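So the chains spell out like this:
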Amino acid sequence: PASYLALEDVVGHIAAERRQAGVDPVLTADQYRAVVWSEMQYRYQRTFRDTAELHQATLFLHDNGVLLHYDDATLKDLYFLDPQWLCDMLAHVVTIREINPFARTGIMKLDDLKHVFKSSNLGPVDTRGYIVNLLNKFEVALTWDNRTLLIPSLLPAEDDVHTAAVKVKIPVRSRGWAVRNKKISIPSASTVVGNSSFYAAPTTAVPELPCELELTHRGDPEVCVSRLLLMSYFPSGFWSRLITRILADDSIVDIVRSFFIIPKEVTQDSRLARLLDVRAEWVLWQTGMELRYADSVLFRMKEVIPSMRNSPVDYKKL
């Protein structure tokens with residue numbers, strides 16, 4: 001229809017005007033209806049009968065790449081008048097280090113987005129608004145804590161994690177196992193009532209002998225809990241979505257923690273307690289992740305890649 005072609009011309013004109021003014025070629029729903037209605041009447045002395053007809057024309061332009069409009073809950077109120085501008089903007093996040101030096105290993109602070117776009121010629125960008133929603137929709141970058149972005153394409157491959165020093169580590173939000181279980185030891189000659197302690201006789205403190213302690217670990221396949229799931233295929237964005245969901249769910253760490261109970265005599269030893277007072281961390285790569293505590297792998301979830309070298313587990317023997 002002629003009205004659709006007229007709308008295409010109007011959208012191109014509005015986008016050009018906003019670019020010249022240094023403003024993002026993006027309109028809210030109310031702005032879009034008002035500006036389009038006004039420009040159609042001014043330029044072509046015609047307009048649409050109602051908002052439903054305008055919506056149909058907008059869908060036609062979306063399908064033909066003239067503008068972009070999505071029905072997502074976080075984006076349905078926005079109309080992107082210049083698809084090329086949008087592509088250039090998203091590409092700045094996953095581009096070379098000279099343009100985006102803040103995401104070298106696939107992890108980037110949300111606050112650094114403004115520095116990436118500030119050095120470009122894209123104009124001012126609302127990094128806290130629709131930009132993050134767009135990055136999530138196209139799975140260019142995902143966030144799980146409103147402070148950090150995970151950029152899946154920049155994460156290392158599993159081969160790089162196990163053979164090189166390139167590791168992406170995310171500390172868990174809860175402290176180490178020992179801190180939660182740590183208790184104050186009371187001499188055997190004392191009596192405890194409520195929060196008070198009464199001593200039958202003064203005791204002489206035994207000085208701690210200097211001792212070098214080292215924390216080691218060993219794997220035991222006989223007691224390892226393993227699950228091997230056969231997947232027909234992995235849909236696009238599967239691992240990035242799953243990784244961010246697990247990072248955002250503190251209960252996963254608590255479940256893993258419940259399998260590793262530290263004996264009471266260990267937590268009551270101040271030297272051992274200090275040695276174990278470390279924070280667990282997630283190690284990420286493109287097709288999996290693992291939870292590490294004191295350089296010991298407690299939980300691993302990954303895609304089994306037959307061609308991978310130096311695999312820590314021989315999955316063919318499971």
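All of these numbers come straight from a predicted model, not from anything done at the bench.

(A) Seen up close, the sheet that holds strand 6 (residues 168–171). As summarised here, the arrangement of the four strands in space is 6-9-10-11, forming an open sheet in which the pairing is antiparallel. The sheet terminates laterally at strand 6 and strand 11 (296–302), the two strands that pair on one side only. The mean inter-strand angle of the sheet, taken between neighbouring strand axes irrespective of direction, is 25°. Summarising the sheet, strand 10 (residues 288–293) and strand 11 pair through six bridges and their orientation is antiparallel. Bridge pairing links R292 to V297 in strand 11.

(B) A look at the pairing of strand 10. Burial of strand 10 is extensive: six of the six residues sit out of reach of the surface. Going residue by residue along strand 10, you find G288, E290 and R292 tucked away on one face and M289, L291 and Y293 tucked away on the opposite face as well. The sheet contact formed by strand 9 (residues 281–285) and strand 10 spans five bridges and is antiparallel. Paired with W282 across the two strands is L291, which belongs to strand 10. Between strand 9 and strand 10, which pair antiparallel one after the other, the connecting turn spans two residues. The loop that links strand 10 with its antiparallel partner strand 11 comprises two residues; one of these, A294, has a positive phi angle of about 55°.

(C) Summary view of unusual backbone geometry. Residue Q45 is not a glycine yet carries a positive backbone phi of 50°. With respect to the helices and strands, Q45 occurs in the loop between helix 2 (29–44) and helix 3 (51–63). Positioned with a positive phi, E139 is a non-glycine residue whose angle comes to about 60°. Structurally, the position occupied by E139 is in the loop between helix 6 (130–137) and strand 4 (142–143). We classify E139 as partly exposed; its relative accessible area is 25%.

(D) Main features of the sheet that holds strand 5 (residues 148–150). Taking strand neighbours across the sheet as the criterion, the three strands line up as 3-5-4 in an open arrangement whose pairing is antiparallel. Each end of this open sheet is capped by a strand with a single partner; those strands are strand 3 (107–109) and strand 4. Pairing of strand 3 with strand 5 involves three bridges; the strand directions are antiparallel. Within the sheet, the bridge partner assigned to M108 lies in strand 5 and is L149.

(E) Molecular detail of the nonpolar core. Of all hydrophobic cores here, the largest spans 26 residues; its most connected members are F80, L113, Y130 and L135. With five residues, helix 6 is the largest single contributor of residues to this core. Built from parts of two domains, this core gets at least three residues from each of domain 1 (1–81) and domain 2 (83–154). Sequence-distant contacts of Y130, that is, excluding residues within four places in its chain, are made with D24, V26, L75, L78, F80 and W85. By size, the runner-up hydrophobic cluster in this structure holds 24 residues, among which are L150, I243, L291 and L298.

(F) Inspection of the pattern of salt bridges at higher detail. What the rule picks out here adds up to 13 salt bridges. With a shortest N-O distance of 2.5 Å, D82 and R19 are connected by a salt bridge. Of this pair, D82 sits in the loop between strand 2 (78–80) and helix 4 (83–91) while R19 sits in helix 1 (residues 2–20), placing them 63 residues apart in sequence. Assessed through its relative accessible area of 42%, R19 is described here as partly exposed. D72 serves as the salt-bridge partner of K137, at 3.2 Å between the closest nitrogen and oxygen. Remark: D72 occurs in the loop between helix 3 and strand 2 and K137 occurs in helix 6; sequence separation between them is 65 residues. What makes K137 partly exposed here is its relative accessible area of 28%.

(G) Here's a closer look at the environment of S240. Summarising the element assignment, S240 is placed in helix 9 (residues 238–248). Owing to a relative accessible area of 6%, S240 belongs among the buried residues under this scheme. C-alpha of S240 to C-alpha of T287: the two residues are 47 residues apart in sequence and 8.1 Å apart in space. When sequence neighbours within four positions are dropped, the list of residues in contact with S240 reads L142, L150 and P152. A polar side-chain atom of S240 sits 3.1 Å from the main-chain carbonyl oxygen of G237.

(H) A look at a nonpolar patch on the surface. A surface patch of nonpolar side chains, amounting to about 430 Å² of accessible area, comprises V225, I255, F259 and F260. Here V225 shows up in the loop between strand 8 (196–199) and helix 9.

(I) Fine view of the pairing of strand 9. Counting buried positions along strand 9 gives five out of five residues, so the element sits mostly inside the fold. Taking every second residue as pointing to the same face, both faces of strand 9 are buried, with E281, V283 and W285 on one and W282 and L284 on the other. The pairing of strand 6 with strand 9 spans four bridges and is antiparallel. By the bridge assignment for strand 9, V168 is matched with L284.

What counts and what doesn't
Residues numbered from 1 in each chain as written. Predicted model: local features only at pLDDT ≥ 70, side-chain atom pairs only at ≥ 80, totals over all residues. Heavy atoms only, no water. Pairing = 2+ DSSP bridges. Helix = DSSP H or I, 4+ residues; strand = E, 2+ residues; numbered from the N terminus. Axes fitted to C-alpha atoms, helices over the stretch in contact; angles between N-to-C directions. Buried < 20%, exposed > 50% of the residue type's maximum accessible area, 1.4 Å probe, protein only. Core = buried A, V, L, I, M, F, W, Y, C linked by side-chain atoms within 4.5 Å. Domains from an automatic or database assignment. Contact = heavy atoms within 4.5 Å. Salt bridge = Lys/Arg side-chain N within 4 Å of Asp/Glu carboxyl O. Polar contact = N/O pair within 3.5 Å; in protein donor to acceptor, adjacent residues only side chain to side chain. Patch = residues over 30% accessible without salt bridge, like charges linked within 9 Å, V, L, I, M, F, W, Y side chains within 5 Å. Areas by Shrake-Rupley, 256 points an atom, 1.4 Å probe, with all protein chains shown as cover.

Just distances and angles here, no functional claims.
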